Amino acid sequence: MVRFTTLRVAARGGPPPLLVAPVLALAAVGALVIVPLLALAAIPVVITILMAMGWLLACGLGLWALIEGLAAFERWMEADSRFQQ
């Protein structure tokens, strides 16, 4: 059988020391400031990654279209009587 006991941290030493309470408050305020700033700082990174992926996709599609166009041009040259010997 599991027996749950209450925490005795507060009962042992009383309230936190006078210097700990402001430090904890500053840490909480700092977390409220730092977390949104990190989220805002991540936006340009995400946009840069998305733009790089789009650029690579556009280059790949452009290369594929170039190869297809050259293949179509070659088929046209082979079928056109002006290029026959």
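Residues numbered from 1 in each chain as written. Predicted model: local features only at pLDDT ≥ 70, side-chain atom pairs only at ≥ 80, totals over all residues. Heavy atoms only, no water.

(A) Up close: the overall build of the chain. Scanning the chain from terminus to terminus reveals 2 helices and 0 strands. Within the chain, the proportion of its 85 residues that are buried is 1%. Accessible surface computed for the chain: about 8100 Å², of which carbon and sulfur atoms make up 77%. (Helix = DSSP H or I, 4+ residues; strand = E, 2+ residues; numbered from the N terminus. Buried < 20%, exposed > 50% of the residue type's maximum accessible area, 1.4 Å probe, protein only. Areas by Shrake-Rupley, 256 points an atom, 1.4 Å probe, with all protein chains shown as cover.)

(B) Fine view of the pattern of salt bridges. Evaluated as defined, the whole model comprises 1 salt bridge. Between Arg82 and Asp80 there is a salt bridge, and its shortest N-O distance comes to 2.8 Å. Here Arg82 falls in the exposed class, since its relative accessible area comes to 65%. (Salt bridge = Lys/Arg side-chain N within 4 Å of Asp/Glu carboxyl O.)

(C) Region of the structure containing the packing of aromatic side chains. Summed over all chains, the structure comprises 2 aromatic pairs. On the numbers, 5.5 Å between centres and 70° between planes, the contact of Trp76 with Phe83 is edge-to-face. For Phe83, a relative accessible area of 42% translates into the label partly exposed. An aromatic cluster is defined as three or more aromatic residues linked by ring pairs; in this entry it consists of Phe73, Trp76 and Phe83. (Phe/Tyr/Trp six-rings, centres within 6.5 Å; stacked < 30°, edge-to-face > 60°.)

(D) Region of the structure containing the environment of Arg82. Within the fold, Arg82 resides in the segment after helix H2 (20–79). Looking at Arg82, its side chain comes within polar contact range of the side chain of Asp80, at 2.8 Å. (Polar contact = N/O pair within 3.5 Å; in protein donor to acceptor, adjacent residues only side chain to side chain.)

(E) Quick peek at a nonpolar patch on the surface. A contiguous nonpolar surface patch, about 870 Å² in accessible area, is contributed by Val29, Val33, Ile34, Leu37, Leu38, Leu40, Ile43, Ile47 and Met51. The residue Ile34 is located in helix H2 in this model. The exposure class of Ile34 is partly exposed, given its relative accessible area of 45%. (Patch = residues over 30% accessible without salt bridge, like charges linked within 9 Å, V, L, I, M, F, W, Y side chains within 5 Å.)

Geometric descriptors of this kind do not, in isolation, establish any biological role.
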